[in-house]
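For reference, the chains in residue letters:
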Amino acid sequence: MTTTLTWPQILAWRLHRQFVSGADAPDVVTVARRLCGVQTQVASSAQLAVAVRSAEPDPDEIDRALWTDRTLAKTWIMRGTLHLVPADELAAYCAALGTLRFWEKGSWQRGHGVTAAEIAAITEAVPQALADGARGPLTREELVDAVVAVTGDAHLREALTSGWGALLKPLSRLGELCYGPPREGKVTFTAPRAWIPGWPSEPPAFEEAGVRVVRSFLGAHGPATPEMFDTWLFGGVARKAVLKGWFRDLAPELTEVETDDGMTLLALTEHLDDLASIRPSTEVHLLPGFDQYILAAPRALAPLIPPPLKPKVSRQAGWISPVVVHEGRVAGVWAARNGDITLDLAAPVPQGPLEEAVDRMRSLLRFQPRGLPGS
């Protein structure tokens with residue numbers, strides 16, 4: 001017998017699972033673990049994404065977890081974007097993402113002005129440079145100097161210092177590079193095996209790692225399809241055989257559900273009772289830009305983002321706007337300007353709950369990062 005769920009139920013369940021309803025997450029690592037990472041390409045958005053879900057928001061918690069406790073890791077991971085992920089789960093994400101080696105394609109190499117031999121040299125030289133524990137984490141300039149010294153190829157200097165670290169991203173997927181603590185306003189890089197406590201001596205098998213990541217994804221962003229998962233993790237370009245293998249191996253834990261608009265999705269069987277019993281949300285929430293509630297779902301998912309709102313939510317250059325959510329669905333966007341919040345609503349939202357959500361976000365805006373370097 002097929003379980004039928006309405007989208008309001010699914011969205012209410014996601015709000016609950018993602019700590020938006022209740023705002024009761026105990027700490028930043030719990031948030032990052034449940035959400036399958038927090039995108040931090042814009043550091044202020046990551047701070048707000050954690051704060052809006054936290055029982056006791058703490059503006060310094062991310063820094064402590066990253067640089068003191070080392071329970072969080074910061075690196076380029078899902079879709080090649082910068083994320084905060086639990087340090088003890090980074091190896092699994094790397095193993096899963098390592099099944100797609102985009103940097104080995106000639107078109108990618110030509111687009112970045114490097115040859116296959118130069119990419120091979122970089123992937124060999126960076127771990128060597130970062131292995132020198134006496135030097136500690138290296139700034140980008142120091143790392144580039146070390147790579148040029150190891151390879152003897154001065155041409156790599158320009159390639160490694162341009163853009164958004166495109167030539168370093170393969171190393172992050174291979175589990176050979178992550179961010180270290182900032183130094184004098186500059187980002188630094190280090191090797192996960194030297195930085196993260198308990199880093200495995202050998203990477204987990206990609207089959208096992210992929211199943212773990214799928215399970216985690218469905219536990220916060222499900223029910224979903226393999227294609228939705230692929231878009232979130234790889235940007236929609238996963239190796240099809242690998243993707244099918246992960247879902248096949250996880251099949252004993254999955255159940256098909258039908259939505260009220262005729263979609264067939266996969267849910268973790270252990271969550272079916274909660275999904276079926278949850279009441280549609282009547283809540284109003286303000287979520288920051290690049291929030292996982294939006295990022296982990298297709299932009300064309302009309303039950304979440306009404307089609308007329310899509311251009312305002314998903315803008316040029318991959319920019320994801322802060323959103324107003326009512327009944328689990330995007331009702332508009334918002335922005336912080338001149339110390340206050342301006343709203344651009346496209347649907348009616350009850351005034352009282354909206355004012356409460358605005359007041360809460362206004363109070364959280366003090367959690368903007370303090371001088372954190374970008375990428």
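As the structure is a prediction and not an experimental result, all values here were calculated from the model. (Residues numbered from 1 in each chain as written. Predicted model: local features only at pLDDT ≥ 70, side-chain atom pairs only at ≥ 80, totals over all residues. Heavy atoms only, no water.)

J.: In this structure, what is going on with the overall build of the protein? I would like to understand it.
T.: What the protein contains, in helices and strands, is 18 helices and 13 strands. For the protein, whose C-alpha radius of gyration is 21 Å, the value lies close to the compact-globule estimate of 21 Å for 375 residues. For the protein, with 375 residues in total, the buried portion stands at 54%. In the protein, of all internal contacts separated by at least 6 residues, the share reaching a separation of at least 24 is 65%. Here the protein displays about 16,200 Å² of accessible surface, and carbon together with sulfur accounts for 51% of that area. Across the protein, 37 positive and 43 negative side-chain charges occur, with their mean positions spaced 4 Å apart. (Helix = DSSP H or I, 4+ residues; strand = E, 2+ residues; numbered from the N terminus. Rg over C-alpha atoms; globule rule 2.2 N^0.38 Å. Buried < 20%, exposed > 50% of the residue type's maximum accessible area, 1.4 Å probe, protein only. Contact = heavy atoms within 4.5 Å. Areas by Shrake-Rupley, 256 points an atom, 1.4 Å probe, with all protein chains shown as cover. Lys, Arg positive; Asp, Glu negative; His and termini not counted. Charge placed at Lys NZ, Arg CZ, Asp CG, Glu CD.)

J.: Looking at this structure, how should I read the pattern of salt bridges?
T.: Once the charged atoms of two side chains with opposite charge are near each other, the side chains can pair. Applying the stated criterion to the full structure yields 13 salt bridges. Note that R53 is salt-bridged to D291, the shortest N-O span being 2.8 Å. Linking R53 in the loop between helix 3 (43-51) and helix 4 (61-68) with D291 in the loop between strand 10 (284-287) and helix 16 (292-295), this pair joins segments that are 238 residues apart in sequence. This pair shows no difference in class: R53 is buried, exactly as D291 is. Between E176 and R193 there is a salt bridge, and its shortest N-O distance comes to 2.7 Å. Of this pair, E176 sits in the loop between helix 10 (169-173) and strand 6 (178-183) while R193 sits in helix 11 (residues 192-195); the two residues are 17 residues apart in sequence, bridging distant segments of the chain. Among the charged side chains, a salt-bridge network with shared partners connects R33, D88 and E89. (Salt bridge = Lys/Arg side-chain N within 4 Å of Asp/Glu carboxyl O.)

J.: I tried to follow the packing of aromatic side chains on my own but got confused; where do I start?
T.: Two measures describe an aromatic ring pair: the distance that separates the ring centres and the angle between the ring planes. Counted according to the given criterion, the structure contains 13 aromatic pairs. With a centroid separation of 5.8 Å and an interplanar angle of 75 degrees, the aromatic rings of F229 and F247 are classed as edge-to-face. Here F229, found in helix 13 (residues 226-234), pairs with F247, found in helix 14 (residues 240-250); they are 18 residues apart in sequence, far enough to count as distant. Per residue, the accessibility class of F229 equals that of F247, and both read buried. An aromatic cluster is present here, built from F217, F229, W232, F234, W246 and F247 joined pairwise through their rings. The ring of W195 carries the charged tip of R70 above its face, separated from the ring centre by 3.5 Å. (Phe/Tyr/Trp six-rings, centres within 6.5 Å; stacked < 30°, edge-to-face > 60°. Lys NZ or Arg CZ within 6 Å of the ring centre and 35° of its normal.)

J.: Mind showing me how you'd approach the sheet that holds strand 13 (residues 340-345) here?
T.: Strand pairing in a sheet relies on backbone hydrogen bonds, with the paired strands running either antiparallel or parallel. Ordered by their spatial adjacency, 4 strands build an open sheet running 10-11-12-13, and the pairing between neighbours is antiparallel. If you trace the sheet from one side to the other, it starts and ends with strand 10 and strand 13, each paired once. For this sheet, the mean angle separating the axes of adjacent strands, direction not counted, is 30 degrees. Pairing of strand 12 (residues 329-337) with strand 13, which is carried by 6 bridges, proceeds in the antiparallel orientation. In the strand pairing of strand 13, A336 is matched with I341. Running at roughly 30 degrees to strand 10, helix 18 (residues 351-364) makes contact with strand 10, strand 11 (323-326), strand 12 and strand 13 of the sheet. (Pairing = 2+ DSSP bridges. Axes fitted to C-alpha atoms, helices over the stretch in contact; angles between N-to-C directions.)

J.: Explanation requested: the confidence of the model for the protein in the structure shown.
T.: Close inspection of predicted coordinates is inappropriate for parts of the model with low pLDDT. Residues of the protein with pLDDT of at least 70 account for 96%, and the chain-wide mean is 93. Across residues 369-375 the pLDDT falls below 50, and counting only partners more than four positions away or on other chains, this stretch makes 21 contacts in the model. (pLDDT = per-residue confidence, 0-100.)

J.: For this particular structure, what's the right way to read the environment of W67?
T.: Secondary-structure assignment places W67 in helix 4. Given the relative accessible area of 18%, W67 is considered buried. Separated by 90 residues in sequence, W67 and R157 place their C-alpha atoms 28 Å apart.

J.: So what exactly am I meant to see when it comes to unusual backbone geometry here?
T.: Residues apart from glycine generally show negative phi values, whereas peptide bonds are mostly found in trans. Cis rather than trans, the peptide bond between G222 and P223 has omega equal to -15 degrees. Topologically, P223 is positioned in the loop between helix 12 (206-221) and helix 13. For E327, which is not glycine, the phi torsion reads 60 degrees and is therefore positive. If you trace the backbone, E327 turns up in the loop between strand 11 and strand 12.

J.: For this particular structure, what's the right way to read the side chain of Q39?
T.: Residue position: Q39 is located in strand 2 (residues 38-39). A distance of 2.9 Å separates polar atoms of two side chains, one belonging to Q39 and the other to R79. In this structure the side chain of Q39 is engaged in a polar contact, spanning 3.5 Å, whose partner is the side chain of T81. (Polar contact = N/O pair within 3.5 Å; in protein donor to acceptor, adjacent residues only side chain to side chain.)

J.: Just checking my understanding: could you explain the nonpolar core for this structure?
T.: Nonpolar side chains in soluble globular proteins tend to be buried together. L143, F229 and W232 are the most contacted members of the largest nonpolar core, which totals 130 residues. Residues within four places of F229 in sequence aside, it is in contact with V213, V214, F217, L243, W246 and F247. (Core = buried A, V, L, I, M, F, W, Y, C linked by side-chain atoms within 4.5 Å.)

J.: Explain empty space enclosed by the protein here, please?
T.: Where empty space is left becomes clear once a probe the size of a water molecule has been rolled over the atoms. A complete count under the given rule lists 2 cavities of 30 Å³ or more for this structure. Size it by volume and the second largest cavity reaches roughly 60 Å³. Q47, V50, A51, D58 and E61 are the residues nearest the centre of the second largest cavity, which is lined by 11 residues in total. Sorting the residues of the lining of the second largest cavity by element identifies helix 3 and helix 4 as the ones contributing at least two each. Ranked by the residues each element gives to the lining of the second largest cavity, the list is headed by helix 3, at 3 residues. (1 Å grid on protein atoms, 1.4 Å probe; cavity = no way out; pocket = protein on both sides within 12 Å on 5 of 7 lines; lining within 4 Å. Points joined across faces, edges and corners; volume = space filled by probe spheres on them.)

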